[in-house]
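# A closer look at the structure
This is what each chain is made of:
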Amino acid sequence: MAMVCNQLCKAYGKKEVLHNLNLTLEKGKIYGLIGRNGAGKTTLLSIMSNQNPASGGSVTLDGENIWENRKALDRICFSRELNITAESGLAQYTVKRYLAAAGAFFAHWDKELAERLVKLFGLDVKKKLSKLSKGMLSMVTITVALASKADYTFLDEPVAGLDVVAREQFYSLLLQEYTETGRTFVISTHIIEEAADVMEEVIILKDGAIALMENTQDLIDRARYVTGLCEAVEDATAGLQTHHPRKTGRSKSVTVLLREGEQIPENPDITVQSVSLQNIFLALCGEEVSL
Amino acid sequence: MRLVPWLKTALIPWAAALLASLIFGLLKYTGGDPIIQRGYFLAVAFALQLILPASLTYSATLPLSISFGSTRKEALIGLLISRIASAVLCAATAVILDLLSGSAALLPAAKLLPLALGAYLLAGTFSGLLGKACLRWGNGIGYGLLSAASMVVVIVVMTVVIGTADPSGLLGSFTVSYAVLAAGIVSVLLMLPFDKMTVYNYTVKV
């Protein structure tokens, strides 16, 4: 019971966005999909939901290709930031009409839940989408994602524009829905620290490929931030998997991802600290900036 | 297959046609040449279809249907059904209102119906082509210009063709009526491969 991306490729013209990407999403987990802008997160999610044809490779759900597969598509929902422009045609849609359209298309739409969420978020259903703030639009996309009741639900930047209270509400609703139904969620977000608590597994996408996929807690447990005198840091981390080294005068800092059985030897000239998920991401995907 | 949203999109052009007919129905009682009035009625109905804007409604339903889990095949069928349903509704409305206005004697329903249906199908194809152009190269300004251009073309053509359709003349003949209907159906069929290509390659954009 899983969704599998096999050798997935996507190119827009000559620009290749995804390169032979392999990924398996198991049923009943909350995944966090993180990556820099342009890493291919939205493209990946849109291909996994049939919204964007792949240039190569395949996406299967429980062994069946999802492309043009009604049975598979009934189990998938991708809720993304809404594109409210005259060209998209959505500007004239009211919240009520948009949710009614979602209800008409989604096979397992929970109208009662949608109504409860609308009430909880204080959305004015008569308001046009074009008149909603960014945060309100996020609430509409969250409503669609949760009320779709799809087995595999993908949310692209679901908390964009939401204030801290609404973000907490979202994470709480997500966990509640996850606990009650065991649905699989993939959340793409840039607000990593906040989402880290709900992500069971983290997927780091870099340059169109999976740079890392691991249980979030295991990853945090094996990450260390080592600082100290240059030579001492280099000695202590020799042979270890190091990322994002930084030198300031005679001092050096580096993020280490320990493999099984590895340890950092004790040394009075170095300091070893734990690392947050955001800093692990920074270590893996950040680049030195110089003007 | 969920057709309701697609059928709803068919109601927009129909509402436009009805609105146009009501406006021109009112104007009719103020006098004037009924043949020309009928031509204007149909022309303005087409224009309103684009103003309201039917094309935008189509272009909203396509991304919505795909983003809400339709297969491409279902989206293609939905697109065709909405196009045909709007043409049938508009043409039927044109005939009914024409009958009610008392000008039926000028062009019998048996001639006006296929003529209007064919013309609306052609307009639907035209609108579909515009939609594709907008999806391919579109931006707000481009869409506005294309819409304006299409309105002018549709108004001129429909006013000339239907507005001057004298029952005793060539344009008022059964042959022309059914030729226009055939052209409308052929245009829909010719568009099918392009529709299919558009829908199957369609990417819902953020």
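Keep in mind that this is a model prediction, so the values were computed, not measured.

## Quick look at the overall build of chain B
Looking only at helices and strands, chain B has 7 helices and 0 strands in total. Listing the helices and strands of chain B from first to last along the sequence gives α-α-α-α-α-α-α. A burial count over chain B gives 52% of its 206 residues as buried. Sequence-distant contacts in chain B: of pairs separated by 6 or more residues, those separated by 24 or more amount to 84%.

## As for the overall build of chain A
When you go through chain A residue by residue, the secondary structure sums to 10 helices and 14 strands. Within chain A, the proportion of its 291 residues that are buried is 52%. A fraction of 67% describes how many contacts in chain A between residues 6 or more apart in sequence connect residues 24 or more apart. Surface summary for chain A: the accessible area is close to 13,600 Å², and the carbon and sulfur share equals 48%.

## Concerning the pairing of strand β1 (residues 2–12) of chain A
Residues and elements named next belong to chain A. Strand direction decides the pairing type here: β1 and strand β2 (residues 15–26), joined by 8 bridges, are antiparallel. Of the residues in β2, the one forming a bridge with Cys5 is Leu23. What sits between the antiparallel neighbours β1 and β2 is a turn of 2 residues, in which Gly13 has the positive phi angle 65 degrees. Alignment of β1 against strand β4 (residues 56–61), held across 5 bridges, turns out to be antiparallel. Paired with Cys9 across the bridge in β4 is Gly56.

## Some words on the side chain of Thr143 of chain A
Of note, Thr143 of chain A is situated in helix α5 (residues 134–147). According to the relative accessible area criterion, Thr143 of chain A is buried, its value standing at 0%.

## Here we look at unusual backbone geometry
If a residue is not glycine, its phi is most likely negative; likewise, a peptide bond is most likely trans. Residues and elements named next belong to chain A. With phi around 55 degrees, Gln7 is a residue other than glycine that occupies positive phi space. With respect to the helices and strands, Gln7 occurs in strand β1. On the basis of relative accessibility, which here comes to 37%, the residue Gln7 falls in the partly exposed class. Unusually for a residue other than glycine, His244 sits at a positive phi of about 55 degrees.

## A word on the pattern of salt bridges
Where charged atoms from two side chains of opposite charge approach closely, those side chains can pair. Residue and element names in this part refer to chain A. All chains considered together, the criterion is met by 15 salt bridges over all chains. Here Lys29 makes a salt bridge to Glu26, at a shortest N to O gap of 3.2 Å. By relative accessible area, Lys29 is classed as buried at 15%. Arg183 is paired through a salt bridge with Glu177; the nearest N and O atoms lie 2.9 Å apart. Comparing Arg183 with Glu177 shows no difference in burial state: the two are buried. When salt bridges with common partners are traced through the structure, they connect Glu26, Lys29 and Glu201 into a single cluster.

## Observations regarding the sheet that holds strand β9 (residues 201–206) of chain A
Residue and element names in this part refer to chain A. Strand order in the open sheet formed by 6 strands is β6-β7-β8-β3-β9-β10, and the pairing between neighbours is mixed. Every other strand in the sheet has two partners, leaving β6 (76–79) and β10 (209–215) as the edge strands with one partner each. The average angle at which neighbouring strand axes cross in this sheet is 15 degrees, direction not considered. Two elements, β6 and strand β7 (residues 152–156), share 4 bridges in a ladder whose sense is parallel. Across the sheet, residue Ile76 finds its bridge partner in β7, namely Tyr152. Here α5 sits on the sheet in contact with β6, β7 and β8 (184–188), set at roughly 175 degrees to β6.

## Considerations on the packing of helix α3 (residues 95–105) of chain A against α5 of chain A
Residue and element names in this part refer to chain A. Remark: α3 packs on α5, axes separated minimally by 11 Å, with the N-to-C direction vectors making an angle of 25 degrees. When the axes of α3 and α5 are compared, the pair comes out roughly parallel. Once α3 is placed against α5, the crossing between them reads as right-handed. In this structure, α3 uses Val95, Tyr98, Leu99 and Ala102 to contact α5, whose residues at the interface are Val140, Thr143 and Val144. Looking at the contact of α3 with α5 residue by residue, the classes come out as 6 nonpolar, 1 polar and no charged.

## As for the sheet that holds β1 of chain A
If you trace the 4 strands from one edge of the open sheet to the other, you get β2-β1-β4-β5 (chain A), paired in antiparallel fashion. Strand pairing shows two members of the sheet lacking a second neighbour, β2 and β5 (64–65) of chain A, which therefore form its edges.

## Details of the side chain of Thr43 of chain A
All names here are of chain A. Following the sequence through the fold, Thr43 ends up in helix α1 (residues 41–48). Taking relative accessible area as the criterion, Thr43 reaches 11% and is therefore assigned buried. With sequence-adjacent residues up to four places away left out, Thr43 is seen in contact with Lys10, Tyr12, Val17, Leu18 and Asn52.

## Brief notes about the packing of helix α4 (residues 111–121) of chain A against helix α6 (residues 164–181) of chain A
All names here are of chain A. Axis separation between α4 and α6 bottoms out at 12 Å; the angle between their running directions is 160 degrees. Viewed along their axes, α4 and α6 adopt a mutual orientation that is roughly antiparallel. The two elements α4 and α6 cross, and the hand of that crossing is right-handed. On α6, the residues touching Leu113, Leu117, Leu120 and Phe121 of α4 are Gln169, Leu173 and Glu177. Among the residues forming the contact of α4 with α6, the class breakdown is 5 nonpolar, 1 polar and 1 charged.

Cut-offs applied
In every chain, residue numbers begin from 1 and rise along the written sequence. In the order they appear in the text, chains get letters beginning with A and ligands get numbers beginning with 1. In keeping with the predicted nature of the model, local features appear solely for residues at pLDDT of at least 70, side-chain atom pairs appear and are counted solely at 80 or more, and the whole-chain, interface and lining totals rest on all residues. Note that water and hydrogens are dropped before the side-chain values are worked out from all heavy atoms of the structure. Labels follow the DSSP assignment, with helices taken as runs of H or I lasting at least four residues and strands as runs of E lasting at least two, numbered in each case from the N terminus. In this scheme, a residue with accessible area under 20% of its type's maximum is buried, one over 50% is exposed, and one in between is partly exposed, where area comes from a 1.4 Å probe on protein chains only. Residue contacts are defined here by distance: any two heavy atoms, one from each residue, within 4.5 Å place the two residues in contact. For the area figures, the Shrake-Rupley method with a 1.4 Å probe applies, and any residue is considered shielded solely by the protein chains shown. Any two strands with at least two DSSP-identified bridges between them are counted as paired. The salt bridge criterion pairs a side-chain nitrogen of Lys or Arg with a carboxyl oxygen of Asp or Glu, the two atoms within 4 Å. Helix axes are fitted only over the stretch in contact, all axes being lines through C-alpha atoms; the angle between N-to-C directions runs from 0 to 180 degrees. An angle below 35 degrees is treated as roughly parallel, one above 145 as roughly antiparallel, one from 65 to 115 as roughly perpendicular, and anything else as oblique. A crossing counts as left-handed when the near helix is turned anticlockwise from the far one by less than a right angle, and as right-handed when that turn is clockwise. Under this grouping Gly is polar, as are all residues other than the nonpolar Ala, Val, Leu, Ile, Met, Phe, Trp, Tyr, Cys and Pro and the charged Asp, Glu, Lys and Arg.

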